[in-house]
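In case you want the letters, here they are:
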Amino acid sequence: MKNIKEILNKIIKTAFEKSGFENKGLVVNSEREDLCDFQCNDCMQLAKIAHKSPMEIAKEVVSNVEKNEVIKTIEIAPAGFINITINNNFLTKHTDDLLKNFKQNIAEKHTPKKIVIDYGGANIAKPLHIGHLRSAIIGESLKRIANFIGDEVIGDVHLGDWGLQMGMVIAEIKRRQPDLVYFDKNFSGEYPKTSPVTIEDLETLYPEASKRAKSDETAMEEARKATYELQNNNKGYIELWKQFCKVSIEAAKNNYDNLDVNFELWNGESSSNYLIKPMIDNLVEKGFAYESNGALVVNVSEPDDKVEIPPFLLIKSDGAALYSTTDLATIIDRQNKLNPDEIWYVVDNRQSLHFTQLFRCAEKTKIKNINTKLEFVGFGTMNGKDGKPYKTREGGTMKLCDLIDEIQLEAKKKIEQNLKDRTDLKIDEIDEIKNCVALATLKFADLSNYRAKDYVFDINKFMEFEGKTGPYLLYTVARLNSLLNKNKINEKTESFNIYSNIEKKILLTITTVEDSILKAYQDKAPSYLCDTAFKLANYYNTFYSSTNLMKEQDINKKSSWIKLSTLTLQTLKVILNILGIKTVEKM
Ligand code: ARG
């Protein structure tokens, strides 16, 4: 189904053609909502070529517009703008039709693709921290947007489970519990089914191991050796590694569940280990990989580089594979198993150099199939009020679960205050509201800020029930739910008219959602959807406070307003759902 702008484009383009101008007549959103709904600015550019004034051209074009049911008025304004106002009857019917098959209508405009989204990026033995939050929230939303418009999308958490950190953990466990069977080279029995370390152990064990390795060369050497042996089939190490991975993954799953973020694949850096040796041999044989200071690298610089792009490191001088090696092998693994059209990496902007190197290396060595597109979807940092990455009160790195606790606590205070006189809500409903408000605060704050930019996270501001916040949108949805539960559409009298300007604005905003979704997909920027949702909620609340729907006596009016509310609710729900934000029935 064509949207309003497409329909108008066709009408206006034909009028331009009739006036002798090919390929002109682009219709855009109004820049003066007080004057019109849409406008066309093309006459200004034509003046020079046509040797006529823009006003004259506009007059001619307007006189050539064929009769139609879409346009109510079409006017010319200096210095040659064509201003268009839409017919109300057309707008109501069009919006209603649009939402009847909303998903299909959008999907029709998109050629479906198969996409792997690499997001999350939790690391084994380390708790998820604030840096992982944006990847989870933005990645989940991009996945839902792509799904909505018809792509087949596979989200892969790509666990950090194979680098030097793993060797550090193994060496540290060995230091603490040297008698474990995992360290007995001659052990031939069955390895224990449970992990010798808990998640709490890991949380203290890893930072200590890392500190020790950094300050003590022997400890570092042991960690390197353990990494190498793990990657080269030391059976005991592999069994031990599997155990602490399991413990870590369980904790990460819990965290992601709390965020309502779900992955189709729980692969990790280690999943492509089987491909590393043949990949390296091949790159050496073809002359791409060469030795440099004992390490194996691929030159990825290009002649017109403005800044130096260092060689891509494949194997360290100690023989171990690293982050870059597994990322390269993972491309092969994904192509072999999934054959995606595109792979998106939703990762912190600070890793952009790594991805430039990775993509260049994959391209140059022809590891990447010609038809596979790799895209780095970088995001900015979530900062505290001091403009530096968000920290704990004591100044340490903020664990994700602690941040979620902090927000839950704030939500609890706020909701208990706001809902203290509400006798209609049961305890579990209040709990649900608290939970949803906390998550909506966090997710909307993050998503409404343009992905690639840093932003300052201010709990109090983002938890306000007024303004561009998650709770404001939840509140609007709850208000609509409650209104529509009390006022059902009367099918017999179902009329749908527009009685005020604000109602028209609501409908016009709904018709732009399709564009917002496609644009958010194109630019991988869910913030566009946050803008549209906020605009719609704002218009709706203005309408709501200026009318008394419940008491309205005019049955046609009431029925139209119920319809308008129904369409608004449906649209807000679609948007919030693809942003990954759960809504509540009551609030
Ligand atoms: N585990 C990494 C980190 O915590 C993020 C992984 C991103 N994905 C990738 N394919 N490199 O920084």
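The coordinates are above.
Residues numbered from 1 in each chain as written. Predicted model: local features only at pLDDT ≥ 70, side-chain atom pairs only at ≥ 80, totals over all residues. Heavy atoms only, no water.

Engineer: Explain the overall build of the chain to me, and be specific about the residues and the numbers.
Structural biologist: Counting its secondary structure elements, the chain contains 20 helices and 13 strands. Seen through its principal axes, the chain has C-alpha atoms that stretch 90 × 70 × 45 Å. By residue count, 52% of the 587 residues in the chain fall in the buried class. Surface summary for the chain: the accessible area is close to 27,500 Å², and the carbon and sulfur share equals 50%. In the chain, the 81 positive side-chain charges and the 84 negative ones have mean positions that sit 3 Å from each other. (Helix = DSSP H or I, 4+ residues; strand = E, 2+ residues; numbered from the N terminus. Buried < 20%, exposed > 50% of the residue type's maximum accessible area, 1.4 Å probe, protein only. Areas by Shrake-Rupley, 256 points an atom, 1.4 Å probe, with all protein chains shown as cover. Lys, Arg positive; Asp, Glu negative; His and termini not counted. Charge placed at Lys NZ, Arg CZ, Asp CG, Glu CD.)

Engineer: Lay out the pairing of strand β3 (residues 71-77) in plain terms, naming residues and giving numbers.
Structural biologist: One ladder, built from 6 bridges, connects β3 with strand β4 (residues 81-86); its direction is antiparallel. Across the sheet, the residue bridging to Ile76 is Ile82, located in β4. Taken together, β3 and the strand that follows it, β4, pair antiparallel across an intervening segment of 3 residues, in which Gly80 is found at a positive phi of about 135°. (Pairing = 2+ DSSP bridges.)

Engineer: Just give me the short version of the packing of aromatic side chains, but keep the residues and values in it.
Structural biologist: To describe a pair of aromatic rings, one takes the distance between the centres and the angle between the planes. For the coordinates displayed, the defined rule picks out 23 aromatic pairs. Ring centres of Tyr540 and Tyr544 lie 6.3 Å apart, and the angle between their planes is 40°; on these two criteria the pair is classed as tilted. With Tyr540 and Tyr544 both in helix α19 (residues 527-546), this residue pair falls 4 residues apart, about one helical turn. Take Tyr544: its relative accessible area is 27%, and that puts it in the partly exposed class. One aromatic cluster is present, formed by Tyr499, Tyr540, Phe543, Tyr544 and Trp561 through successive ring pairs. Stacked on the ring of Tyr528, the Lys or Arg Lys519 has its end atom at 4.0 Å from the ring centre. Directly above the aromatic system of Trp344 lies the positively charged group of Lys524, at a separation of 4.4 Å from the ring centroid. (Phe/Tyr/Trp six-rings, centres within 6.5 Å; stacked < 30°, edge-to-face > 60°. Lys NZ or Arg CZ within 6 Å of the ring centre and 35° of its normal.)

Engineer: Go over the sheet that holds strand β7 (residues 289-292) with me, naming the residues and quoting the values.
Structural biologist: Strand pairing in a sheet relies on backbone hydrogen bonds. The paired strands run either parallel or antiparallel. Spatial strand order, β7-β8-β9: 3 strands in an open sheet with antiparallel pairing. The sheet is open, and its two edges are formed by β7 and β9 (312-315), each paired on a single side. Between one strand and the next, the sheet's axes are offset by a mean angle of 45°, whatever the strand orientation. In the sheet, strand β8 (residues 295-298) pairs with β9 via 3 bridges, with the strands oriented antiparallel. By the bridge assignment, Val297 is partnered in β9 with Leu313. Relative to β9, helix α11 (residues 273-285) is tilted by about 120°, and along the sheet it contacts β7, β8 and β9. (Axes fitted to C-alpha atoms, helices over the stretch in contact; angles between N-to-C directions. Contact = heavy atoms within 4.5 Å.)

Engineer: Any chance you could break down the side chain of Asp446 for me, citing the residues and the numbers?
Structural biologist: You can see Asp446 is positioned in helix α15 (residues 427-448). Contacts of Asp446, omitting those with residues within four sequence positions, involve Arg134, Ile137, Ile138, Met382 and Tyr455.

Engineer: So what's going on with the site of the ligand? Which residues, and what values?
Structural biologist: Around the ligand, the neighbouring residues are Asp118, Gly121, Asn123, His132, His158, Tyr323, Asp327, Tyr345, Val347, Gln351 and Phe355. Gly121 places a main-chain nitrogen or oxygen 2.9 Å from a nitrogen atom of the ligand. One of the side-chain N or O atoms of Gln351 is found 2.9 Å from an oxygen atom in the ligand. Within the complex, 87% of the 350 Å² of free accessible area of the ligand lies under protein. Of all the secondary structure elements, the ones that give two or more residues to the shell around the ligand are α12 (323-338) and β10 (342-348). Residue classes in the shell around the ligand are distributed as 4 nonpolar, 5 polar and 2 charged. (Near = heavy atom within 4 Å. Polar contact = N/O pair within 3.5 Å; in protein donor to acceptor, adjacent residues only side chain to side chain. Nonpolar A, V, L, I, M, F, W, Y, C, P; charged D, E, K, R; others polar.)

Engineer: Could you give an account of the sheet that holds β3, with specific residues and numbers?
Structural biologist: With respect to topology, 4 strands assemble into an open sheet ordered β1-β2-β4-β3, the strand pairing being antiparallel. Looking along the sheet, the strands with just one partner apiece sit at the ends: β1 (27-29) and β3. Strand-to-strand twist in this sheet, taken as the mean axis angle between neighbours without regard to direction, amounts to 30°.

Engineer: Could you give an account of the pattern of salt bridges, naming the residues involved and the relevant values?
Structural biologist: According to the stated counting rule, one finds 46 salt bridges in the structure shown. Glu217 is the partner of Arg224 in a salt bridge, and the nearest nitrogen-oxygen pair spans 3.5 Å. Classification of Arg224 by relative accessible area gives partly exposed; the value is 25%. According to the relative accessible area criterion, Glu217 is exposed, its value standing at 53%. One salt bridge connects Arg360 with Asp305, and the closest N-O pair in it is separated by 2.8 Å. Here the residue Arg360 occupies a position in helix α13 (residues 352-364), and Asp305 occupies one in the loop between β8 and β9, the gap between them amounting to 55 residues. Under the relative-accessibility criterion, Arg360 is labelled buried at 18%. (Salt bridge = Lys/Arg side-chain N within 4 Å of Asp/Glu carboxyl O.)

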